[in-house]
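A structural walkthrough
Below are the chains, spelled out letter by letter.
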Amino acid sequence: MEPLDYLAEERNKASFDVEEMKIVWAGSRHAYEMSDRMARLVASDPVFRKDNRTMLSRKDLLKDTLRKTAHAVKRTVELNLSEEESMTLWSYVDQPSYANLHWAMFIPAIEGQGTEEQKQKWLPMAYKMQIIGCYAQTELGHGSNVQGLETTATFDPETDEFVIHSPKLTSSKWWPGGLGKASTHAVVYARLRTNGQDYGVQAFIIQLRSLDDHSPLPGITVGDVGMKFGSGAYNSMDNGFLRFDHVRIPRNQMLMRVSQVTREGKYVRSDVPRQLLYGTMVSVRQIIVSESSCALSRAVCIATRYSAVRRQFGSQNGGPETQVINYKTQQSRLFPLLASAYAFRFAGEWLKWLYTDVTKRLKANDFSTLPEVHACTAGLKSITTSATADAIEECRKLCGGHGYLSCSGLPELFAVYIPNCTFEGDNIVLLLQVARILMKTVAQLASGKKPVGTTAYLGRVEHLMQCHCEVRRAEDWLKPSVILEAFEARAARMSVACAQTLSGFSNPEEGFADISSDLVEAAVAHCQLIIVSKFIEKLKQDIPGKGVKTQLENLCNVYALSLLHKHLGDFVSTGCITPEQGALVNEQLRSLYSLVRPNAVALVDAFNHTDHYLGSVLGRYDGNVYQKLYEEAWKSPLNDTDVPDGYREYIRPLLKQQIRTARL
């Protein structure tokens, strides 16, 4: 007997080729087929079960993570998976693990900052996981301010060694994933001191634990930082603390591609830019941007399917109630998030291309595009993670009371995602970095220097400061050129306004601090322009499949116009549009929501998430929500017995009046 599909009617409404949209979402047919294969491989393997994860104790959760990681490595070897397949498989295992940091930060740090000799020594062991590494930069007292790190690495010329030391409690390394219990080695960032001088923060490879029995080596104090937000969630990761007590390491364990210390203790700086020290962070940030669309798509998929299943009010003559997804209030909250998932996906694709391009250039000693990549990864990491974190919580609220249940999948998804707003750069600090680049770009316009890349629009600043929006009817807002110019004008005018204000300060740094809130808003406008422009560029490509391009055009318009509506104050106050034109934005959005509505379930189906990966009773593919909610309730440990533990000690005496109660 065929299982019931409670969402079949919704799927039949779709006016586009869902299979082709799956390919667009994945990036290519190859990526779609590979991703689909890995997702089903994980879903069918009992070792990768995760429905009980939120009920595990911290120790059991860590052990479960270690088991899954080892099993993932075993399956990778058995199936002879490529690096791409292996990474995809692990993403579907969907459980933060020390392996994430080993592959995404420890290895790239050595690849980017090590000499050829150092890479030949360390990378073969790391690739085979004969050593397990983490990335130890953040300290108890310093995170975003990397130059304020306090761990010291003092060169001893008599022994040709560095002495690694944690001079204060605040110099303790704090937060590195994988450090708490799993890692045997770390790339540690410490202040280089030689010949009585401090040469700033450098990277060192340091062994932390014995390769025989995993015990900490002499002089090293290491452990786990403790429970974190939520049940399950990021508690599967052993974020750690680390202190050094005059630990000695050979001189050649300083990563020396950028800077070297000679046998005599002389500090030598190479011609390679110091920005390479942050290359690993740039790499991780572009991955974070790509993953934001994945996390957001999961939340939106759950909320959309449940909104189509759930019915409330509106019954006529005893007939069915109204689907929640048909209410305009639900659509105006949900559909911009659906559009954002697609927008972030395409921005992530472009950022990956940009990062791949700069990596090739770096190998050829071409560092010209490094500042652009740094700015884009910083800004887009900030914008996409903040928006995604807020969107996951909004999706929980869109699911009403049932969204608060752990089995909805949304509480754990929120808890596991929100650290993205802080790690690899606090989001506000990152936006201020983008703002600095914008202010520098505006300042250089007077000298005739033409901006390039994502700031190229500032080269037309005279036009953008004076142009007037030509929208007269609501449908005029569907023109890509109109949308793009409005976003460019807003970003340009906000940046120029900040630059003009800064010019009035005798001390630029005091000025920067004083108007930092305005600078953050200017950076947000710039980054939102990037995402909108990349969505529009995507639509210029040849996109096959019946109705696929039309749906993407609708989503692009929803994304851009919902942003415009949300930030209407910016657009009106800077004179980019009039209040009347702003009112037409809202009118056009209502029309767009009507176009998205019949395709909504099919558009989230195009994400191709398995039920295992979603981990949500509310977001089930078949829509059989209520039966499964009831079954899930019986899995609660509290239902193992009819009478709870503690009844005789605490409830029965009350009921039998054996405890004297005060009169209220």
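Residues numbered from 1 in each chain as written. Predicted model: local features only at pLDDT ≥ 70, side-chain atom pairs only at ≥ 80, totals over all residues. Heavy atoms only, no water.

Let us now look at the overall build of the protein chain. Regarding its fold elements, the protein chain presents 23 helices and 11 strands. Going through the 664 residues of the protein chain one by one, you find that 53% of them count as buried. The long-range fraction of contacts in the protein chain, counting pairs at least 24 apart against all pairs at least 6 apart in sequence, stands at 73%. Only carbon and sulfur atoms are counted for the fraction: they give 54% of the accessible area of the protein chain, which is about 30,900 Å². Averaging the locations of the 75 positively and 73 negatively charged side chains of the protein chain gives two centres separated by 2 Å. (Helix = DSSP H or I, 4+ residues; strand = E, 2+ residues; numbered from the N terminus. Buried < 20%, exposed > 50% of the residue type's maximum accessible area, 1.4 Å probe, protein only. Contact = heavy atoms within 4.5 Å. Areas by Shrake-Rupley, 256 points an atom, 1.4 Å probe, with all protein chains shown as cover. Lys, Arg positive; Asp, Glu negative; His and termini not counted. Charge placed at Lys NZ, Arg CZ, Asp CG, Glu CD.)

Take the nonpolar core next. In terms of nonpolar packing, the biggest core is built from 128 residues, with Met21, Leu338, Tyr342, Trp477, Phe487 and Leu552 touching the most fellow members. Broken down by element, this core gets its largest block of residues, 16 residues, from helix α9 (residues 328–363). Here Leu552 is in contact with Met21, Val24, Tyr342, Phe346, Phe535, Leu539 and Ile543, once residues within four sequence places are set aside. Counting 27 residues, the second largest nonpolar core, distinct from the first, contains Val187, Ala233, Ile288 and Val416. (Core = buried A, V, L, I, M, F, W, Y, C linked by side-chain atoms within 4.5 Å.)

This paragraph deals with unusual backbone geometry. The phi torsion of most residues other than glycine is negative, and most of the peptide bonds are trans. Backbone geometry places His246, a non-glycine residue, at a positive phi of 50 degrees. Mapped onto the elements, His246 comes out in the loop between β8 (240–244) and β9 (247–250). A positive phi angle, close to 60 degrees, is found at Glu424, a residue other than glycine. Tracing the sequence through the fold places Glu424 in the loop between α11 (410–417) and α12 (427–445). Residue class for Glu424 comes out buried when judged on its relative accessible area of 13%.

Residues annotated by UniProt as "binding site: FAD" (unreviewed entry) correspond here to Thr138 and Gly177. Look at the named residues: they lie 40 residues apart in sequence, but the longest C-alpha span between them is just 10.7 Å, so in the fold they bunch up. Position of Thr138 relative to the elements: it lies in the loop between β1 (133–136) and β2 (152–156). The residues contacting Thr138, other than those within four sequence positions of it, are Gly143, Ser172, Lys173, Trp174, Trp175 and Pro176. Mapping Gly177 onto the fold places it in the loop between β4 (173–174) and β5 (185–194). Residue classification places Gly177 among the buried residues on the basis of a relative accessible area of 8%. If we ignore the near neighbours within four places in the chain, the residues touching Gly177 are Leu101, Cys134, Met237, Asp238 and Asn239. (UniProt positions renumbered as here; feature names shortened; annotations may be inferred.)

As judged from the nine bridges shared by β5 and strand β6 (residues 197–207), these two strands associate in the antiparallel manner. Of the residues in β6, the one forming a bridge with Val187 is Ile205. From the end of β5 to the start of β6, which pair antiparallel, there are two residues, and Asn195 there has a positive phi angle of about 55 degrees. (Pairing = 2+ DSSP bridges.)

Moving on to the pattern of salt bridges. Opposite charge on two side chains makes pairing possible when the charged atoms of those side chains draw close. The full count for this structure, using the stated rule, is 44 salt bridges. Where Lys13 meets Glu10, a salt bridge forms, and the shortest distance between an N and an O atom there is 3.0 Å. Take Lys13: its relative accessible area is 34%, and that puts it in the partly exposed class. Its relative accessible area of 4% is what places Glu10 among the buried residues. (Salt bridge = Lys/Arg side-chain N within 4 Å of Asp/Glu carboxyl O.)

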